[in-house]
Amino acid sequence: VEVQPLKISARIRGLQSHNQPLEVAEPRARLALNLADLAPEEIYRGALITTPDSGDPSRAIDVLLERSARLPTTARPLRNGSTLNFHYGSARLSARLQLLDRKEFLPNEKQIARLHFASPIFVFEGDRFLLRDASEQLTVAGGAVLDAEADAVRFKSAPQRLFLQRRAAAPNDCGVLAETRLQRDRFGWREELLRKTNFSEEEIAASLKALQAAGRIFLDGKIAVDLDWWKKLRESAASLIGAEHVAHPEQAGLEIGQLRDALQLANEVVFDALLGALAESGFVRNRNVVQRVDHQQSLPAELRSAGERIRAAFAAAPFNPPSRRELASDSNSERALRFLVETRAVVELTHDVLFGAEAFLKMRETVAIFIECNGPATAGQLRAALGSSRRVIVPFLERLDKIGLTIREGDRRRLR
């Protein structure tokens, strides 16, 4: 199928919507499609052929309506709940009217409204249509599509009201359509932002770049974001991280999952873009946390006694330390222990087996000397040489295997 005739048709329709004169130099072209996979009863008058990425049909659309001042004096007001015939292209469907601010719609007025359909309809934003009465004897109004996918949006909500009012002022302006979409939805995929319009990819890309240059939106890879919302999001993230540093100076920073939950930001692409923006403004990601670059972990006054008690417990039995339950019997002790692990003063082998950093290095040195002098050794021989227990010797030796100091062969270990 040649695409060019379809582009010509879309361009002519756009000119007509602006009431500009048409000068067609070439004869009108017709396009025939052989839809072999469809039965005749599956094709109906007014059906559209679209690409798979053009979105889904909708049972409700938001529109700008206008009634002519030349309507006959016998023309009745249009009221909420009126059933009308919606003419779009060659399609005719029954629609129920819902006005935004008024209970009735008089001649020589413009009104924003929502049209509800019994079956889904596929339309493009900016396109024009006619409304005729139920008897099909009188054209009662005309209008333009403002939101082609209004199913999931509350019609009279404040964001949707502002969205529709701004679009009503310029229903065929690509920049306005893009900016209002982002102001309402906060962010969107660049390739899907104006998928239900007649603008080309080049026109959409140019409008987005112009909005970015004007400081109205933020572009990052495949997404476009409303700039005002983006600034508030970054400020909120920075505030949350700063508050975590104040409340818990002993911790490295705010966990990634907690930051996402606090911001209520489920979209991973937008969240990754946020982390990238934070990295450019004095923050750094450290494993699973985010922190300020200048943050230095320190024990607050209320945790210092707990920290000293834990250090004393490690010093009293360096090669056979207490379990986590003994070390962290309350919340303050758990916080202090976490601080010692994150600052590498304590080595955590498993959740329940921890060593003081100096003791771990001494044990590693002792094992290396023992094997070098006595040859490959069993876990029992090494446990006896260290004066340790089975609870700690097994995960300790597994850590030595992991870091490459030893190799296990059967029930013995030798130096690598």
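The structure contained in this document is the topic of the report that follows. (Residues numbered from 1 in each chain as written. Predicted model: local features only at pLDDT ≥ 70, side-chain atom pairs only at ≥ 80, totals over all residues. Heavy atoms only, no water.)

1. Considerations on the overall build of the chain
In plain terms, the rule: Strands are runs of DSSP state E lasting at least two residues, helices are runs of H or I lasting at least four, and both sets are numbered from the N terminus onward. Exposure categories follow from relative accessible area, calculated using a 1.4 Å probe and restricted to protein chains: below 20% of the type maximum is buried, above 50% is exposed, and the middle band is partly exposed. Pairs of residues are marked as contacts when any of their non-hydrogen atoms sit within 4.5 Å. Only four residue types enter the tally: Lys and Arg on the positive side, Asp and Glu on the negative side, with His and both chain ends excluded. Charged groups are reduced to one reference atom each: NZ for lysine, CZ for arginine, CG for aspartic acid, CD for glutamic acid.
Check the secondary structure of the chain and you find 13 helices and 19 strands. Structurally, the chain occupies a C-alpha span of about 105 × 55 × 40 Å along its principal axes. Going through the 416 residues of the chain one by one, you find that 40% of them count as buried. In the chain, of all internal contacts separated by at least 6 residues, the share reaching a separation of at least 24 is 63%. For the chain, the distance from the average position of its 60 positive side-chain charges to the average position of its 55 negative side-chain charges is 3 Å.

2. As for helix α11 (residues 357–374)
Convention followed: By this rule the span expected of a helix is its residue count minus one, scaled by 1.5 Å.
The first and last C-alpha atoms of α11 sit 26 Å apart over 18 residues, in line with the 26 Å expected at 1.5 Å per residue. Positive backbone phi, at 85°, marks G375, one or two positions downstream of α11.

3. Details of the packing of aromatic side chains
In plain terms, the rule: Here the aromatic set is Phe, Tyr and Trp, taking the six-membered ring for Trp, and pairing holds for ring centres within 6.5 Å; pairs whose planes are under 30 degrees apart are stacked, those over 60 apart are edge-to-face, and all others are tilted.
Using the criterion set out here, one finds 8 aromatic pairs in the structure. Ring geometry for F360 and F396: centres 5.6 Å apart, planes at 80°, overall edge-to-face. Here F396 lies in helix α13 (residues 390–403) and F360 lies in helix α11, a separation of 36 residues in the sequence. Judged by relative accessible area, which is 7%, F360 ranks as buried. Grouping aromatic residues by their ring pairs yields a cluster made of F86, Y88, F117 and F129.

4. Details of a negative patch on the surface
The cut-off we apply is this: By definition, no residue in a patch forms a salt bridge, and every one has over 30% relative accessible area; like charges are joined within 9 Å, nonpolar side chains (Val, Leu, Ile, Met, Phe, Trp, Tyr) within 5 Å. Here, Shrake-Rupley sampling with a 1.4 Å probe gives the accessible areas, and only protein chains in the shown set may cover a residue. Between Lys or Arg on one side and Asp or Glu on the other, a salt bridge is scored when a side-chain nitrogen of the former is within 4 Å of a carboxyl oxygen of the latter.
Side chains of D53, E191, E192, E201, E202 and E203 sit close together on the surface and give a patch of like negative charge. With respect to the helices, strands and loops of the structure, E203 is situated in helix α4 (residues 201–213).

5. Quick look at the sheet that holds strand β11 (residues 223–226)
This is how it is decided: Pairing between strands is defined by DSSP: at least two bridges between them are needed. Here an axis means a line fitted to C-alpha atoms, over the contact stretch when the element is a helix, while the angle between two N-to-C directions is reported on a 0 to 180 degree scale.
The strand order β9-β11-β10 describes an open sheet built from 3 strands, whose pairing is antiparallel. Strands at the two margins of the open sheet, each flanked by one partner only, are β9 (187–189) and β10 (217–220). Here the average twist between neighbouring strands, direction ignored, is 20°. Pairing between β10 and β11: 4 bridges, direction antiparallel. Along β11, the bridge assignment pairs F218 with V225. Together, β9, β10 and β11 form the strand contacts of helix α3 (residues 174–185), whose direction differs from that of β11 by roughly 75°. Those strands touched by helix α5 (residues 227–247) are β9, β10 and β11, and its axis lies near 85° from that of β11.

6. A few points about the sheet that holds strand β1 (residues 58–66)
One closed barrel accounts for 6 strands, arranged β1-β6-β4-β3-β7-β8; its pairing is antiparallel. Across the sheet, the mean angle separating the axes of adjacent strands is 45° when strand polarity is ignored. Here β1 runs beside strand β8 (residues 139–147); their pairing, made up of 5 bridges, is antiparallel. Within β8, the residue paired with E66 across the bridge is G142. Sitting on the sheet, helix α2 (residues 158–169) is in contact with β1, β6 (110–121) and β8, with an inclination near 110° to β8.

7. Focus: the layout of surface pockets
As a reminder, the rule being used: Using a grid of 1 Å spacing that covers the protein atoms alone, one calls a set of points a cavity when a 1.4 Å probe fits there but cannot get out, and a pocket when the set is open and has protein on both sides within 12 Å along at least five of seven lines; lining residues are those with an atom within 4 Å of a point. Grid points are joined across faces, edges and corners, and a volume is the space filled by probe spheres set on the points. Asp, Glu, Lys and Arg are counted as charged, while Ala, Val, Leu, Ile, Met, Phe, Trp, Tyr, Cys and Pro are counted as nonpolar; the rest, among them Gly, fall into the polar class.
What the second largest pocket holds in volume is close to 430 Å³. Broken down by secondary-structure element, the contributors of at least two residues to the lining of the second largest pocket are α10 (331–342), β15 (346–348), α11 and α13. Residue composition of the lining of the second largest pocket, by class: 8 nonpolar, 2 polar and 7 charged.

8. Observations concerning the nonpolar core
What counts here: Each nonpolar core is a collection of buried residues, namely Ala, Val, Leu, Ile, Met, Phe, Trp, Tyr and Cys, held together in the definition by side-chain atoms within 4.5 Å.
Residues I61, F86, L115, F129 and L131 are the most contacted members of the largest nonpolar core, which totals 26 residues. Looking at this core, the element that brings in the most residues is strand β4 (residues 91–99), giving 5 residues. Setting aside anything within four residues of it in sequence, one finds L115 in contact with R59, A60, I61, V63, F86, A95, R96, L97, F129 and L131.

9. Regarding the environment of L299
With respect to the helices and strands, L299 occurs in the loop between β14 (289–292) and α8 (301–316). L299 sits in the buried class, given a relative accessible area of 11%. Along the backbone, L299 and E41 are 258 residues apart, and their C-alpha atoms lie at a distance of 76 Å. Ignoring any residue separated from it by four or fewer positions in sequence, one finds L299 in contact with E250, R304, G307, A336 and F339.

10. As for the packing of helix α6 (residues 256–263) against helix α7 (residues 268–279)
The condition is simple: Oblique is the label for any angle not covered by the other classes, which are roughly parallel (under 35 degrees), roughly antiparallel (over 145) and roughly perpendicular (65 to 115). Left-handed describes a crossing whose near helix is turned anticlockwise from the far helix through less than a right angle; right-handed describes the clockwise counterpart.
Put simply, α6 and α7 touch, their axes get as near as 12 Å, and they point 110° apart. Judged by the inter-axis angle, α6 sits roughly perpendicular to α7. α6 and α7 meet at a crossing whose hand is right-handed. Residues I256, L259, R260 and L263 of α6 lie in contact with α7, whose contacting residues are F271, L274 and L275. Here the residues of the contact of α6 with α7 are counted per class, giving 6 nonpolar, no polar and 1 charged.

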